[in-house]
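The primary structure of each chain is shown beneath.
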Amino acid sequence: MHTASTLLAGDVHLESLWTGGIWLEGPVYVPGSRTVRFSDIPNNRIMQFSTASGETTVYTDDAEFSNGRTLDLDGNVVQCSQGRRAIERDVDGTVQVVVDRFGSGRFNSPNDVVVASDGSIWFTDPPYGLHPSGREGRPGPQDYDSCFVFRVSPDGIPTVVISDMVYPNGLAFSPDESLLYVSDTGPTTDDSALQQIRVYDVVDGAALNGRVFVEPDGVADGFRVDVAGRVWTSSGSGIQVFAADGEPLLDVPVPETVSNLCFGGDDGTELYLTATTSLYRLHTATTDTARR
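Residues numbered from 1 in each chain as written. Predicted model: local features only at pLDDT ≥ 70, side-chain atom pairs only at ≥ 80, totals over all residues. Heavy atoms only, no water.

Draft legend 1. Examining the sheet that holds strand 20 (residues 223-225) more closely. If you trace the 4 strands from one edge of the open sheet to the other, you get 20-21-22-23, paired in antiparallel fashion. Edge positions in the sheet fall to strand 20 and strand 23 (248-253), since each has one partner strand and no second. Taken over all neighbouring pairs, the strand axes of this sheet differ in orientation by 15 degrees on average, direction set aside. For strand 20 and strand 21 (residues 231-234), the ladder comprises 3 bridges, and the chain directions are antiparallel. (Pairing = 2+ DSSP bridges. Helix = DSSP H or I, 4+ residues; strand = E, 2+ residues; numbered from the N terminus. Axes fitted to C-alpha atoms, helices over the stretch in contact; angles between N-to-C directions.)

Have a look at this one:
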């Protein structure tokens, strides 16, 4: 696999922007404030890095173990609350619950989320936030005996769109939203974690024909898809990039375990990585879509 590529911008190097967390997750670039918002899950806080000043501040220290986040059609942050077992929307600092129940029970612990162009919210629901340690959520039982991927319609109704995964985790649409990529990081028979990204055809709000897209080197915790349909994913070595046909294109080593990433900056070409204790930046020669 290549270690240098035209996918990166010029004389590029990995920048460490901030350190001081325990387990960082869920980055999203917020154009209105020119900030990267991300979670420090075990410390139960949300951090915010300003691309203008270079400063990182605490956005809130009562985060209810929030994890993945994205922007909705109006530019508001939609986020997964592992503590509340809910999908939330942050509108100018006011957090509203979008949905927190499936049938007669609660979700497990929503992990990562995307918003489609029709306004529907798609999210993964593994049980990580229910672990007895309380490190990433509120310990408790599962109210339904599985781990699904859900679609929440614009009127707030959740439906199951994927039910054939162990622990669905990261997810992202292809540029035209005809494909949905979802990683499975569930336990295997030897107690290791699955290392695969699956892909599904999106047809009329359903996810069909699931199959393995790639098996990265290590766990694909979180990822994004750029405008050319390439998948940029966390991996065992740091960041790996795969073409739309699954061909490996790039491997960027990172000195800590990478959890998730997002494109951002004024022109969208800056890649922000959340890792174990630190936030990193990598300048690329591509971008994703307007909503990051």
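We are not done yet, so read on.
Draft legend 2. Geometry of the sheet that holds strand 14 (residues 149-152). An order of 12-13-14-15 is seen for the 4 strands of this open sheet, with the pairing classed as antiparallel. Strand pairing shows two members of the sheet lacking a second neighbour, strand 12 (113-115) and strand 15 (158-162), which therefore form its edges. The sheet shows a mean angle of 25 degrees between the axes of neighbouring strands, direction not considered. As paired strands, strand 14 and strand 15 are joined by 4 bridges and run antiparallel to one another. Its bridge partner lying in strand 15, Phe-150 is registered against Val-160.

Draft legend 3. Expanded view of the nonpolar core. Ranked by internal contacts, the top residues of the largest apolar core, which has 18 residues, are Trp-232, Ile-239, Val-241, Leu-250, Leu-271 and Leu-273. Not counting the four nearest positions on each side in its chain, Leu-271 is found in contact with Trp-232, Leu-261, Cys-262, Phe-263, Tyr-280, Arg-281, Leu-282 and Thr-284. Of all hydrophobic cores here, the second largest spans 14 residues; its members include Val-114, Leu-171, Tyr-200 and Ala-207. (Core = buried A, V, L, I, M, F, W, Y, C linked by side-chain atoms within 4.5 Å. Buried < 20%, exposed > 50% of the residue type's maximum accessible area, 1.4 Å probe, protein only. Contact = heavy atoms within 4.5 Å.)

Draft legend 4. Molecular detail of the layout of surface pockets. Looking at the largest pocket, its volume works out to about 420 Å³. Split into classes, the residues belonging to the lining of the largest pocket amount to 4 nonpolar, 13 polar and 4 charged. (1 Å grid on protein atoms, 1.4 Å probe; cavity = no way out; pocket = protein on both sides within 12 Å on 5 of 7 lines; lining within 4 Å. Points joined across faces, edges and corners; volume = space filled by probe spheres on them. Nonpolar A, V, L, I, M, F, W, Y, C, P; charged D, E, K, R; others polar.)

Draft legend 5. Spatial organisation of the packing of aromatic side chains. One pass over the full model with this rule turns up 15 aromatic pairs. Plain terms: the ring middles of Phe-107 and Phe-150 are 5.0 Å apart, the flat faces sit at 70 degrees to each other, and that makes the pair edge-to-face. Of this pair, Phe-107 sits in the loop between strand 11 (105-106) and strand 12 while Phe-150 sits in strand 14, placing them 43 residues apart in sequence. Residues Tyr-128 and Tyr-167 carry aromatic rings whose centres are separated by 5.3 Å and whose planes lie at 90 degrees to one another, so their mutual orientation is edge-to-face. In this pair, Tyr-128 is assigned in the loop between strand 13 (121-124) and strand 14 and Tyr-167 in the loop between strand 15 and strand 16 (168-173), connecting sequence segments 39 residues apart. The exposure class assigned to Tyr-128 is partly exposed, which follows from its relative accessible area of 27%. The structure contains a cluster of three or more aromatic residues connected by ring pairs, namely Phe-102, Phe-107, Phe-123, Tyr-144, Phe-148 and Phe-150. The lysine or arginine in question, Arg-37, covers the ring of Tyr-59, its NZ or CZ lying 3.9 Å from the ring centre. (Phe/Tyr/Trp six-rings, centres within 6.5 Å; stacked < 30°, edge-to-face > 60°. Lys NZ or Arg CZ within 6 Å of the ring centre and 35° of its normal.)

Any functional reading would require information beyond the geometric quantities listed.
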